[in-house]
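Breakdown of the fold
Residue-level listing of the chains:
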Amino acid sequence: MPTRNRGKEASDDRLFGDPKMQQKIKEAAKDMCYLLSRGFAEKSSMQLVGNRYRLNARQQKALQGMSASELQIGSRKKAALLPEQLKGLDVAIDGFNLLIILESALSGAYIFKGLDSYYRDVSGVHGTYKRVQKTEEALMIIGNVLNTLGVPSVHWYFDAPVSNSGKLKTILREVAEQNNFPWSIDLVNNPDKVLAESNHVVISSDAWILDRAQKNFNLVAYLLYSHIKDANIICAQ
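Before going into details, it helps to say that this report is about the structure given with it. Residue numbers restart at each chain and count upward from 1, following the sequence in its written direction. Local features in this predicted model are restricted to residues whose pLDDT is 70 or higher, and side-chain atom pairs enter the listing and the counts only when it is 80 or higher, whereas totals over whole chains, interfaces and linings include all residues. Processing note: side-chain calculations cover all non-hydrogen atoms of the structure and skip hydrogens and water entirely.

Things to note about the overall build of the chain
- A count of helical and extended segments in the chain gives 11 helices and seven strands.
- Reported as C-alpha extents along the three principal axes, the dimensions of the chain are approximately 50 × 40 × 35 Å.
- Buried, partly exposed and exposed residues are distinguished by accessible area as a fraction of the type maximum, computed with a 1.4 Å probe on protein chains only: under 20%, between the cut-offs, and over 50%, respectively. The burial tally for the chain puts 49% of its 237 residues in the buried class.
- Contacts are assigned to residue pairs that have any heavy atoms within 4.5 Å of one another. Long-range pairs, those at least 24 residues apart, make up 77% of the contacts in the chain between residues at least 6 apart in sequence.
- Of the roughly 11,600 Å² that the chain leaves accessible, carbon and sulfur atoms contribute 48%. Counting from the N terminus, the helices are the DSSP runs of H or I reaching at least four residues and the strands are the DSSP runs of E reaching at least two. Where accessible areas are quoted, they stem from the Shrake-Rupley method and a 1.4 Å probe; at the residue level, only the protein chains shown are allowed to cover.

Some details on the side chain of S165
- Within the secondary structure, S165 sits in helix α8 (residues 165–179).
- In this structure S165 comes out as buried when scored by relative accessible area, which is 3%.

Side note on empty space enclosed by the protein
- Cavity: a set of points on a 1 Å grid over the protein atoms alone where a 1.4 Å probe fits but cannot get out. Pocket: an open set with protein on both sides within 12 Å along at least five of seven lines, its lining residues, like those of a cavity, having an atom within 4 Å of a point. Grid points are joined across faces, edges and corners, and a volume is the space filled by probe spheres set on the points. Inspection of the entire model under this criterion finds one cavity of 30 Å³ or more.
- Size it by volume and the largest cavity reaches roughly 60 Å³.
- Residue assignment for the lining of the largest cavity shows that the elements contributing at least two residues are α6 (95–106) and α11 (219–226).
- Here the lining of the largest cavity is built from residues that sort into seven nonpolar, four polar and no charged. Lys, Arg, Asp and Glu make up the charged group, whereas Ala, Val, Leu, Ile, Met, Phe, Trp, Tyr, Cys and Pro make up the nonpolar group; the residues left over, Gly among them, are polar.

Focus on the environment of S11
- When you line up the elements, S11 lands in the segment before α1 (12–17).
- Spatially, the C-alpha atoms of S11 and R58 are 9.8 Å apart, while their sequence positions differ by 47 residues.

Looking at the packing of aromatic side chains
- A pair of aromatic rings is counted whenever rings of Phe, Tyr or Trp (Trp by its six-membered ring) have centres within 6.5 Å, and the orientation is called stacked for planes under 30 degrees apart, edge-to-face for over 60 and tilted otherwise. In this structure the tally under the stated criterion is eight aromatic pairs.
- Aromatic pair F16 and Y110: ring centres 5.9 Å apart, planes at 50 degrees, arrangement tilted. Within this pair, whereas F16 is found in helix α1, its partner Y110 is found in strand β2 (residues 110–113), the two being separated by 94 residues in sequence. For the residue pair F16 and Y110, the accessibility class agrees, reading buried in each case.
- The rings of F96, Y129, W156, F158, F181 and W183 are connected pair by pair, giving a single aromatic cluster.

Points about the sheet that holds strand β3 (residues 119–120)
- At least two bridges found by DSSP between two strands are what make those strands a pair. In spatial order, the strands read β3-β2-β7; together these three strands make up an open sheet with mixed pairing. One side of each edge strand has no neighbouring strand; the edge strands of this open sheet are β3 and β7 (232–235).
- Direction of pairing for β2 relative to β7: parallel, over a ladder of four bridges. Directly across from Y110, in β7, lies its bridge partner N232.
- Helix axes use the C-alpha atoms of the stretch in contact, all axes being lines fitted to C-alpha atoms, and the angles between their N-to-C directions lie in the range 0 to 180 degrees. Seen against the sheet, helix α4 (residues 57–66) touches β2, β3 and β7 and runs at an angle of roughly 35 degrees to β2.

Comments concerning the sheet that holds strand β5 (residues 183–188)
- Taken in spatial order, the four strands make up an open sheet running β5-β4-β1-β6, and their pairing is parallel. Of all strands in the sheet, those with a lone pairing partner are β5 and β6 (201–203), marking the two edges. Shown here is a sheet whose adjacent strand axes are inclined to one another by a mean of 25 degrees, direction ignored.

As for the nonpolar core
- The definition of a nonpolar core used throughout is a set of buried Ala, Val, Leu, Ile, Met, Phe, Trp, Tyr and Cys residues joined through side-chain atoms within 4.5 Å. Within the largest apolar cluster, 44 residues are counted, with the highest numbers of intra-cluster contacts made by W156 and W183.
- Looking at this core, the elements that each hand over two or more residues are β1 (91–94), α6, α7 (135–148), β4 (154–159), α8, β5, β6 and α11.
- In terms of residue count, α6 provides more of this core than any other element does, eight residues in total.
- Residues contacting W183, with those up to four places away along its chain left out, are L139, G143, V154, W156, L172, V175 and A176.

Some remarks on α6
- The span one expects for a helix is its residue count, reduced by one, times 1.5 Å. For α6, built from 12 residues, the straight-helix expectation of 16 Å at 1.5 Å per residue is met to within 8% by its first-to-last C-alpha distance of 17 Å.
- A large share of α6 lies buried, amounting to 12 of its 12 residues.
- The set of residues buried in α6 consists of G95, F96, N97, L98, L99, I100, I101, L102, E103, S104, A105 and L106.

Written out as structure tokens, the structure reads:
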């Protein structure tokens, strides 16, 4: 069994845990929304806001995930389904995106609620996925909750070029077989494009995917409310 956890670094309590720092990040997110809503580029906006609030690279990464324009916030909300609307509908999951956020939340790492109400983390895979203590727990929560919500079929998509994606596919297949989860698991070169063009309900917090998906479901928000109530959450507002 892996002994490592996901996401939290030694400096994170200082960078994100201080209430004064959390308020600073909230103000920075407001400024980002203002600039993005008026057509300013994300990169230049982040540089301006990051310098103003003296945010380091890790804090800026969190801020980037929390930021969105008013148009993006509105369109993502319009495409979002409620839990009771999932019954009888197939879903398509952004595999690494969902799994890593839940692993981080279960491991006690900070996760970040954006202005659009979707959650992001600051860990990522960096070309290699490493299984952690909370991997199986996260998968069980996902499978059981989607079954309870009446989802008949779940399609997982993972980045094929990421190292260990094949091993992760094997883990998911075993979990699905042992628990009768209606899962299919695919490794593809460009899962973002597959998800953005999917006719299924998309589960992801990736901004590019959310801006293009026909329908989405904020599964992380639902799980944090119903199953992971002690998570370390930093809110953009």
